[in-house]
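One-letter residues, chain by chain:
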Amino acid sequence: MIKHDLCCIGHITHDKVVTPRSTVHMPGGTSFYVSNALCRLTGIDYALITAIADEDMAAADELRAKGVNITVLPSRHSVYFENIYGNNQDNRKQRVLSKADPFTVAQLSDVEAKIYHLGALLADDFATDVIPFLAAKGLISVDSQGYLREVCDTKVEHVDWQGKEQSLPYIHFLKANEHEMKVLTGYSDVAPAARALFDAGVKEVLITLGSLGSMLYDGKTFFRIPAFKPREIVDATGCGDTYMAGYLYRRALGAGMEEAGRFAAALSTLKIERSGPAQAAQEDVLRCMQTSEAIMPDI
């Protein structure tokens, strides 16, 4: 059986993105943005496992046409997100108009990968035993945002991660933004929040600060990662997922945390300059790192 370098597991969504400029309907979700970001980045064996409703199957077909190794599990519904942005792209209002069926251990029993990136969008996207099951086979990567979201009458409520004490020790890579790190740890400052997450069992802590950059921590060293200033801000949807795609891609190739973080930040900049997912080759990312203004986090 093939052991993939990186496998993303998560729902493809139906996204309605509203900005001051336009209203656009498009596929979305962690799995969609990660997969698109990796389409033109070569050198690793990548696979996607997703679950969508039949009426949204065109999104999976689009990824397959781009060369993504994709497995589609059945679901009665797709996740339907409505994202509304104002002039500040770091903030958004969000509603969930439908939910998909959760992923289970039985569905994932035959998947083999060195790194599993769990693209949770909502707190109940994964059965509780999925993380320890997959951790026995590879490194677990998690974006905390999904585990901190519950849906109440279509409104997304931000809550603490139920069962985090049991789950965090299994997680190698964990990403959180400023709000999420405070919910998870109680700390508003990056350094104590990162230390608390490491002490809880996470091996590599990634704290993203939007347009101000990011901070990485491995229990010994804090790595300050700049944000690369975009030429134009078009659409911030999926920037966090794109960051994780770039980071895990470089780590899978053997890069260190700081190098991977800088690559991830530049890839995110290229994504924010366009509507829809990133469509960048490695040379595009390197050019961005060399030519764009670097904004270093003041932490």
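Residues numbered from 1 in each chain as written. Predicted model: local features only at pLDDT ≥ 70, side-chain atom pairs only at ≥ 80, totals over all residues. Heavy atoms only, no water.

**Q** Tell me what's going on with the overall build of the chain, and back it up with residues and numbers.
**A** Helix and strand content of the chain: ten helices and 17 strands. Scaling as 2.2 N^0.38, a compact globule of 299 residues should have a C-alpha radius of gyration of about 19 Å, and the chain matches this with 17 Å. Across its three principal directions, the C-alpha atoms of the chain cover 45 × 45 × 40 Å. The proportion of buried residues among the 299 residues of the chain is 54%. A separation threshold of at least 6 residues defines the contact pool for the chain, and within that pool the share at least 24 residues apart is 64%. In the form shown here, the chain has an accessible surface area of approximately 12700 Å², with 50% of it arising from carbon and sulfur atoms. Separation between the mean location of the 30 positive side-chain charges and that of the 38 negative ones in the chain comes to 4 Å. (Helix = DSSP H or I, 4+ residues; strand = E, 2+ residues; numbered from the N terminus. Rg over C-alpha atoms; globule rule 2.2 N^0.38 Å. Buried < 20%, exposed > 50% of the residue type's maximum accessible area, 1.4 Å probe, protein only. Contact = heavy atoms within 4.5 Å. Areas by Shrake-Rupley, 256 points an atom, 1.4 Å probe, with all protein chains shown as cover. Lys, Arg positive; Asp, Glu negative; His and termini not counted. Charge placed at Lys NZ, Arg CZ, Asp CG, Glu CD.)

**Q** Describe the nonpolar core, naming the residues involved and giving the relevant values.
**A** Grouped together as the largest cluster of nonpolar side chains are 43 residues, with contacts concentrated most on L38, Y46, L216, Y243, Y247 and V285. Looking at this core, the elements with two or more residues in it are β1 (4–9), α1 (30–38), β4 (46–52), α2 (57–65), β15 (222–225), α8 (239–252), α9 (257–272) and α10 (282–291). By residue number, the principal contributor to this core is α9, which donates eight residues. C7, L108, L134 and A176 belong to the second-largest nonpolar core, a separate cluster that totals 38 residues. (Core = buried A, V, L, I, M, F, W, Y, C linked by side-chain atoms within 4.5 Å.)

**Q** Describe the sheet that holds strand β14 (residues 214–217), naming the residues involved and giving the relevant values.
**A** The sheet built from nine strands is open, its strands ordered β5-β4-β1-β8-β9-β12-β13-β14-β15 with mixed pairing. The open sheet has two edge strands with one neighbour each: β5 (69–74) and β15. Neighbour-to-neighbour, the strand axes of this sheet turn through a mean angle of 15°, independent of strand direction. Sheet topology note: the β1/β4 ladder contains four bridges and is parallel. (Pairing = 2+ DSSP bridges. Axes fitted to C-alpha atoms, helices over the stretch in contact; angles between N-to-C directions.)

**Q** Give me the environment of S78: which residues, what numbers.
**A** Of note, S78 is situated in the loop between β5 and β6 (79–85). As for S78 and A100, which are separated by 22 residues in sequence, their C-alpha atoms are 4.8 Å apart. Not counting the four nearest positions on each side in its chain, S78 is found in contact with I12, I52, A53, D56, S98, K99 and A100. Only 2.9 Å separates the side chain of S78 from the backbone nitrogen of A53, close enough to count as a polar contact. (Polar contact = N/O pair within 3.5 Å; in protein donor to acceptor, adjacent residues only side chain to side chain.)

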